Amino acid sequence: MQKHWRQRLWELTPRFLTSRSIPLSLVFRSSLAYLKRFYHHTSLYRWTLPNQADSVVSAAVRSLWFGDEKNGAAIKNGTFAFGSIETSYPNLWQHHIPEYFWSYFHGFSWLQDTKPTTDDQTTIVEQIINDWISRHPIGHGLAWDIDITARRLDAWINYLDSSPTMRTADVFANFVLHLKKHWFHLYNNLPGPLFGSTLILSIKSLLKGWLLLSEQLPMPDYFFNRFSYELQQQFLSTESYAERNPSAQLMLLAHLIDLSTAFRENNQPVPDIWQESIVKLAKTIFYIQRPDGGLPGFNGSNREESWHVQQILLQSRLNALELFSNVPVHLSGYCRLQAGKSVVLLDTGLLPDVPYDASMHAGALSFEFYAGSDAIIVNCGSNPNPIWHDVQRATAAHSTLIMNDTNSSFLGRNHGIIKGPHLIKCQRQEENGNWWLEASHDGYQKLFGATHTRLLYLSHDGFDLRGEDILESKIGHRCVVRFHLHPDTLVKLEPSQQTAILKVPSGQSWQLRTMIGNIDAEESVYLGHNGIIHKSQQLVIGNLPTDPNLKIKWALTRKES
């Protein structure tokens, strides 16, 4: 996607000169954390950490979650896969493996996929842990970044509870010692450069570690208070959480449930703000679920799978009535239309405050459409590989209107949004099971003096989705409307170039029609769960007139068998 010259100028402007500058407190903490890295490499720092530990824990902390059994079986056989990378255990330490894989590996979240058993295969997991310990002295490199250290501490605590071979005296005492070293490394360095859900999850690991080893560790009073403070700060209203990444919200929900359960089961008081946050996050996740129970591909989401989402919602102990009660028109920046077995999810949220916009995409008014188990219209999604960074965040990677081949938000070079929509309106109404929605954004106002309005109608049976994209400006501009398709959707264009037939896995056929312009099929990409990349197609309504008051009417309807 080409960039307007003003967009390029804004993106080259230092952040502290823009209206969305990074908070000075975060800049200071990041600079201090950078300087501390030099100290962490010294023997003096390692001398300050514990060198012995009691082989007795203070609390029983059980693991609540099960993982991906298929991935766990592969790991027990020595194979690690993440996205497009697959490597065997003996080759793990090769230097050509990208950094985003190491972030996943060093965090040890994959341990929950490996259900420990008494068979010989379990030993390879502990062999990897011991090998990791010998290769990564404390404080050295990416492996000891604060957020990764926190993830690893949490994963190791859970593994300690579930592993039968860890219960032998010598192995157990040595493992507890390394848990203590992790804990003190966090205690000495938090909050560091962390913010948002990453900061909350890191403090959570610290509190959970203290619960496990409270007789061997100092009381972290400051972090107890900081944990509740961050929860209060990061819930922008009575319902919405600051970060609009569905995966980040699900992960935060899981960790809050995990910590609250551990404290409650060990007769420790659980602050009200913890449970209140669980309820708010669970409502959001329930609201934005796909029909199959998974999560959609908005704003950096990992498209979490249904089994993963369901186990977390189940542990929230909330029933469907509680989860769906008193839900506003749009929740956490998303609006949902549901009729029959069809669901429309629309991005209607304003930009979060800096720095909570780190994973935001330029996808204002983009939508995803599902008909039962069939995903039909989607966004491209996200991938941890940096080469996809700019592509996946661009407006063209979303199912929405794109004006003059320009992003609706000015994207930061590394993360975040430099400038974007200041006003997004959303109204929704229902009558006899039929839904109408009107939403608009002013992301193109500064560059082109234009406003994009999207009208949607979903019939009571879910078989008829109609849309109208309105572009209002002083002079006409080029624009297209993109509909990215799920890889399992097959496309056939009609000779009129105003109709396309979509064939979905369930055997149903859908028809996309436009009342203006032409429909073309182009290549696209679907960035699926855990960075798996699929080739797909997109339908593009183009060859549109440059009308100052352009109205693009389209309809997606199910064809009768």
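Sequence order as written defines the numbering, with residues in each chain counted from 1. Per-residue local features of the predicted model are confined to residues with pLDDT of at least 70, and side-chain atom pairs are confined, for both listing and counting, to 80 or more; whole-chain, interface and lining totals are unaffected and use all residues. To obtain the side-chain values, all non-hydrogen atoms of the structure were included, while hydrogens and water were left out.

## Re the overall build of the protein
Strands here are runs of E lasting at least two residues and helices are runs of H or I lasting at least four, both read from the DSSP assignment and numbered beginning at the N terminus. Regarding its fold elements, the protein presents 16 helices and 21 strands. Over its C-alpha atoms the protein spans a radius of gyration of 25 Å, differing by no more than 12% from the 24 Å that the globule rule assigns to 561 residues. With a 1.4 Å probe rolled over the protein chains alone, any residue whose accessible area is under 20% of its type maximum counts as buried; one over 50% counts as exposed, and the rest are partly exposed. Across the 561 residues that make up the protein, the buried fraction comes to 57%. Only the protein chains shown count as cover for residues, with accessible areas throughout obtained via the Shrake-Rupley method and a probe of 1.4 Å. A total of about 24,200 Å² of accessible surface is found on the protein, and carbon and sulfur atoms cover 52% of it. The charged-residue count follows a simple rule in which Lys and Arg add positive charge and Asp and Glu add negative charge, with His and chain termini not counted at all. Note that the charge is assigned to NZ on lysines, CZ on arginines, CG on aspartates and CD on glutamates. Between the centroid of the 50 positive side chains of the protein and the centroid of its 52 negative side chains there is a distance of 5 Å. To get the radius of gyration, use the C-alpha atoms; to get the globule rule, take the number of residues to the power 0.38 and multiply by 2.2 Å.

## A word on unusual backbone geometry
Leaving glycine aside, a negative phi is the common case for residues, and trans is the common case for peptide bonds. Of note, the bond from Leu190 into Pro191 is cis; its omega dihedral lies within 30 degrees of zero at 0°. The phi angle at Leu365 is positive, at roughly 65°, despite the residue not being glycine. By the element assignment, Leu365 lies in the loop between strand S5 (342-347) and strand S6 (367-371). Judged by its relative accessible area of 0%, Leu365 is buried.

## Focus on empty space enclosed by the protein
Computed over the protein atoms alone on a 1 Å grid, cavities are sets of points where a 1.4 Å probe fits but cannot get out and pockets are open sets with protein on both sides within 12 Å along at least five of seven lines; a residue lines them when it has an atom within 4 Å of a point. Grid points are joined across faces, edges and corners, and a volume is the space filled by probe spheres set on the points. Counted according to the given criterion, the structure contains three cavities of 30 Å³ or more. Approximately 80 Å³ is the volume attributed to the largest cavity. Classes in brief: Ala, Val, Leu, Ile, Met, Phe, Trp, Tyr, Cys and Pro nonpolar; Asp, Glu, Lys and Arg charged; the others, Gly included, polar. Tallied by class, residues from the lining of the largest cavity come to seven nonpolar, four polar and two charged.

## Observations regarding a nonpolar patch on the surface
Two distance rules govern patches: like charges are joined within 9 Å, and nonpolar side chains (Val, Leu, Ile, Met, Phe, Trp, Tyr) within 5 Å, applied only to residues with over 30% relative accessible area and no salt bridge. What counts as a salt bridge is simple: a side-chain nitrogen of Lys or Arg found within 4 Å of a carboxyl oxygen of Asp or Glu. On the surface, a nonpolar cluster with roughly 380 Å² of combined accessible area is contributed by Tyr34, Leu35 and Phe38. Position of Tyr34 among the secondary structure elements: in helix H2 (residues 24-40).

## Quick word on the pairing of strand S19 (residues 518-527)
Looking at chain direction, S19 and strand S20 (residues 533-542) are connected through 10 bridges and run antiparallel. Bridge pairing in S20 links Ala521 to Leu539. A strand pair is defined by DSSP finding two or more bridges across the two strands. Hairpin connection between S19 and S20: a loop of five residues separates the two successive antiparallel strands, and Asn530 in this loop has a positive phi of roughly 55°.

## Some thoughts on helix H9 (residues 196-212)
Working rule for helices: expected span equals 1.5 Å times residues minus one. Here H9 is 17 residues long and its end C-alpha atoms lie 25 Å apart, about the 24 Å a rise of 1.5 Å per residue gives. Most of H9 sits inside the fold, with 16 of its 17 residues counted as buried.

## So, the pattern of salt bridges
Evaluated as defined, the whole model comprises 14 salt bridges. Here Glu230 makes a salt bridge to Arg226, at a shortest N to O gap of 2.8 Å. One end of the pair is Glu230 and the other is Arg226, both in helix H10 (residues 221-234) and four residues apart, which spans about a single turn. The burial state of Glu230 is the same as that of Arg226; both residues are buried. With its nearest N and O atoms 2.5 Å apart, the salt bridge here joins Asp347 to Arg244. Taken together, the residues Asp347 in strand S5 and Arg244 in the loop between H10 and helix H11 (246-265) connect sequence positions 103 residues apart. A single salt-bridge network, built from bridges that share partners, covers Asp154, Lys204, Lys208 and Asp258.

## Comments concerning H10
Relative to the 20 Å expected for 14 residues at 1.5 Å per residue, H10 spans 20 Å between its end C-alpha atoms, a close match to the ideal helical length. Inspection of H10 places Phe223, Phe224, Arg226, Phe227, Ser228, Glu230, Leu231 and Gln234 among the buried residues, and these make up the whole buried set.

## Some remarks on the pairing of strand S1 (residues 79-82)
Here S1 shows a clear split, with Phe80 and Phe82 buried on one side and none of Thr79 and Ala81 buried on the other. Here S1 runs beside strand S2 (residues 85-88); their pairing, made up of four bridges, is antiparallel. Paired with Thr79 across the bridge in S2 is Ser88.

## Points about the sheet that holds strand S21 (residues 549-558)
Sheet architecture is open: eight strands sit in the order S11-S12-S13-S14-S21-S18-S17-S16, paired in antiparallel fashion. The open sheet terminates on both sides in strands that have one partner only, identified here as strand S11 (424-431) and strand S16 (490-493). Averaged over all adjacent pairs, the angle separating strand axes in this sheet is 15°, with direction ignored. Strand direction decides the pairing type here: strand S12 (residues 434-441) and strand S13 (residues 451-458), joined by seven bridges, are antiparallel. Across the sheet, Leu437 pairs through a bridge with Leu456, a residue of S13. Helix axes are fitted to C-alpha atoms over the stretch in contact, other axes to C-alpha atoms as well, and angles between N-to-C directions run from 0 to 180 degrees.

## Observations regarding the packing of H11 against helix H12 (residues 272-287)
Running from N to C, H11 and H12 point in directions that differ by 145°, and their axes come no closer than 9 Å. Between H11 and H12 the crossing geometry is left-handed. Contact residues: Pro246, Gln249, Leu250, Leu252, Leu253, Leu256, Ile257, Leu259, Ser260, Phe263 and Arg264 in H11; Trp274, Gln275, Ser277, Ile278, Leu281, Ala282, Thr284 and Ile285 in H12. Residues of the contact of H11 with H12, tallied by class, amount to 13 nonpolar, five polar and one charged. Crossing chirality is assigned from the near helix's rotation relative to the far helix, an anticlockwise turn below a right angle marking it left-handed and a clockwise turn marking it right-handed. Residues are treated as being in contact if the distance between any of their heavy atoms lies within 4.5 Å.

## As for the environment of Trp210
Residue placement: Trp210 occurs in helix H9. What makes Trp210 buried here is its relative accessible area of 8%. Along the chain, Trp210 and Trp183 lie 27 residues apart, while their C-alpha atoms are 8.0 Å from each other. With sequence-adjacent residues up to four places away left out, Trp210 is seen in contact with Trp183, Leu217, Pro218, Met219, Pro220, Phe224, Phe263 and Gln268.

## Quick notes on the packing of H9 against H11
In a pair of packed helices, the angle between the axes and the distance between the axes together describe the arrangement. Two elements in contact, H9 and H11, have axes separated by 10 Å at closest approach and are oriented at 20°. Judged by the inter-axis angle, H9 sits roughly parallel to H11. Viewed along their axes, H9 and H11 form a crossing whose handedness is left-handed. On H11, the residues that touch Ser197, Ile200, Leu201, Lys204, Leu207, Lys208, Trp210 and Leu211 of H9 are Ala248, Met251, Leu252, His255, Asp258, Leu259, Ala262 and Phe263. By residue class, the composition of the contact of H9 with H11 is 11 nonpolar, two polar and three charged. Roughly parallel refers to an angle under 35 degrees, roughly antiparallel to one over 145, roughly perpendicular to one between 65 and 115, and oblique to any angle outside these ranges.

## With respect to the nonpolar core
Among soluble globular proteins, nonpolar side chains are generally buried collectively. For this analysis, a nonpolar core means a set of buried residues of the types Ala, Val, Leu, Ile, Met, Phe, Trp, Tyr and Cys, connected via side-chain atoms within 4.5 Å. Counting 143 residues, the largest nonpolar core has Phe105, Trp110 and Phe369 as its most contacted members. Beyond its immediate stretch of four places on either side in the chain, Trp110 contacts Ile75, Phe80, Tyr104, Phe105, Val125 and Ile128.

## Some details on the packing of aromatic side chains
Put simply, two rings from Phe, Tyr or Trp (the six-membered ring, in Trp's case) pair if the centres are within 6.5 Å, and we call them stacked under 30 degrees between planes, edge-to-face over 60, tilted for the rest. Evaluated as defined, the whole model comprises 36 aromatic pairs. Where Phe82 meets Tyr100, the ring centres are 6.2 Å apart and the plane angle is 45°; that geometry is what we call tilted. On the criterion of sequence distance, the pair formed by Phe82 in strand S1 and Tyr100 in helix H5 (residues 99-107) is long-range, its members being 18 residues apart. Summarising the burial analysis for this pair, Phe82 and Tyr100 share the class buried. Seen in terms of ring centroids, Tyr444 and Phe448 are 6.2 Å apart; in terms of plane orientation they differ by 45°. Their pairing is tilted.

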